[in-house]
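Examining the three-dimensional arrangement
If you want the building blocks of each chain, they are given just below.
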Amino acid sequence: MPPSVPAVPGPWPGGALDRAGGERDGDGLLDGLRAAPDTRVLVIHGDAAPVSERGLLLVPVSDVAAAREWAFLGRAADGAGLLLAVVDEERDAAVPAQAQRAPLRAIGGDLSADEAEILGTAVALAGWLRDAAFCPACGARTLLRQAGWSRHCPRCGREHFPRTDPAVIVLVSSADDPDRVLLGANAAWGGSRYSCFAGFAEAGESLEDTVVREVGEEAGVRLDAIEYRGSQVWPYPRSLMLGFRARAIRDDDARADGEEIVEVRWFDRAEIGAALRGETALKLPGAASIAHRLIDDWYRERA
């Protein structure tokens, strides 16, 4: 990324969680932390965690009735251990009356950067712990190692680790007018919400090539001035979203693919600003997403 191009700040800047990776190989780490009185646990059911008006709710080990899997998330600022408990039933963790369960995509934008990083890590790791119990090479049930961060296959000896899939997400600006951006309505949203264009990197493909291919396929435009803007964990199911900006070469080429994207539209800065403030019927991505931050960052540059 050229030094003159600022990265998008967030939505989850990260870096505050001490993952303490060097401790993961220690014998009895999880058992020791489950016995420690100051250990705090984040309980994940699906992609949801308990939250209160104060933010993310971490509970004592004694509040967790049963867990499908345990894992070590790291250390809090005071040195206390942070554990992940993956539960199959909501009743397996006591949630105080003043709290509720909420999914990452709904609350990620409302949490502090520290809490959002913890929750994003926990949801990503929980998904892998639930879904990758068997060796993909030979089919044997694997054994958890490294306090929940790796799996060992007792049959073929392979080691497996949580998987992250790179995906690009792109905000396209106009070739003719710097105060216009191109957004698309995805068929999965019923055509009611407009967002940036996104897609997974294919095998052997650079991120820049992915940007060009995905926007070409979904919106029909060719691009130049491709700039990296920042990244975000998005564990649905295991993505790392890599945010870019790019400029269309010809605005008139814009057209929806008619399958994944049902409509594309050019929006001016005034329309985007009104939508960000909730003053129009135009729906933009939620605050938890990097798509929202790409759009908001573009709007504020010249607002």
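What this report covers is the structure whose coordinates are included nearby. Residue positions are given per chain, counted from 1 along the sequence in the order it is written. Only residues with pLDDT of 70 or above have their local features reported here, since the model is predicted, and side-chain atom pairs are shown and tallied only from 80 upward, although totals for entire chains, interfaces and linings are computed over all residues. Values shown for side chains rest on all heavy atoms present in the structure; no hydrogens or waters enter the calculation.

In this section: the sheet that holds strand E6 (residues 100-103). Pairing within the open sheet is antiparallel, and its three strands lie in the order E3-E2-E6. The outermost strands of the open sheet, each flanked by one partner alone, are strand E3 (55-56) and E6. Each pair of strands is called paired provided DSSP finds at least two bridges between the two strands. The secondary structure listing takes helices from DSSP runs of H or I that are at least 4 residues long and strands from runs of E that are at least 2 residues long, numbered from the N terminus. Strand direction decides the pairing type here: strand E2 (residues 48-52) and E6, joined by four bridges, are antiparallel. By the bridge assignment, Ala48 is partnered in E6 with Pro103.

Attention now moves to the pairing of strand E15 (residues 239-248). Burial classification: accessible surface area is computed with a 1.4 Å probe over protein chains only, and a residue below 20% of its type maximum counts as buried, one above 50% as exposed, and the rest as partly exposed. For E15, the buried fraction is high: eight of the 10 residues fall into the buried class. As paired strands, strand E10 (residues 165-173) and E15 are joined by nine bridges and run parallel to one another. The residue bridging Val170 from the neighbouring strand is Phe244, located in E15. As defined by bridge partners, strand E14 (residues 223-234) adjoins E15 across nine bridges and the pair is classed as antiparallel. From the neighbouring strand, Asp224 faces E15, where its bridge partner is Arg247. Linking two consecutive strands that pair antiparallel, namely E14 and E15, is a turn of four residues.

For the rest of this paragraph, the subject is the nonpolar core. The set of buried Ala, Val, Leu, Ile, Met, Phe, Trp, Tyr and Cys residues whose side-chain atoms join them within 4.5 Å is what this entry labels a nonpolar core. Leu42, Ile44, Leu73, Leu84, Leu119 and Leu125 are the most contacted members of the largest nonpolar core, which has 26 residues in total. Elements represented by at least two residues in this core include exactly strand E1 (40-44), E2, strand E4 (69-75), strand E5 (81-86), helix H2 (104-107) and helix H3 (113-131). With nine residues, the top contributor of residues to this core is H3. When sequence neighbours within four positions are dropped, the list of residues in contact with Leu84 reads Leu42, Ile44, Glu69, Trp70, Ala71, Leu73, Ala122, Leu125, Ala126 and Leu129. By size, the runner-up hydrophobic cluster in this structure holds 21 residues, among which are Val181, Tyr194, Ala275 and Leu284. Whether two residues touch is decided by their heavy atoms; if any such pair falls within 4.5 Å, the residues are in contact.

Moving on, we come to the sheet that holds strand E9 (residues 159-160). In spatial order, the strands read E7-E8-E9; together these three strands make up an open sheet with antiparallel pairing. Both edges of this open sheet fall to strand E7 (143-145) and E9, since each of them pairs with a single strand only. By the bridge criterion, three bridges tie E7 to strand E8 (residues 150-152) in an arrangement that is antiparallel. Counterpart to Leu143 in the pairing with E8 is His152.

With axes taken as lines fitted to C-alpha atoms, and helix axes fitted only over the stretch in contact, angles between N-to-C directions fall between 0 and 180 degrees. At a minimum axis separation of 10 Å, helix H5 (residues 269-276) and helix H6 (residues 290-301) run at an interaxial angle of 125°. Relative to H6, the element H5 is oriented oblique. With respect to the hand of their crossing, H5 and H6 are arranged in left-handed fashion. Across from Arg269, Ile272, Gly273 and Leu276 in H5, the residues of H6 making contact are His292, Ile295, Asp296, Trp298 and Tyr299. Amino acid classes used here: Ala, Val, Leu, Ile, Met, Phe, Trp, Tyr, Cys and Pro are nonpolar; Asp, Glu, Lys and Arg are charged; the rest, including Gly, are polar. Residue composition of the contact of H5 with H6, grouped by class: five nonpolar, two polar and two charged. Convention used here: angles under 35 degrees read as roughly parallel, angles over 145 as roughly antiparallel, angles from 65 to 115 as roughly perpendicular, and any remaining angle as oblique. Crossing handedness is defined as follows: a turn of the near helix away from the far one that is anticlockwise and smaller than a right angle gives a left-handed crossing, while the clockwise case is right-handed.

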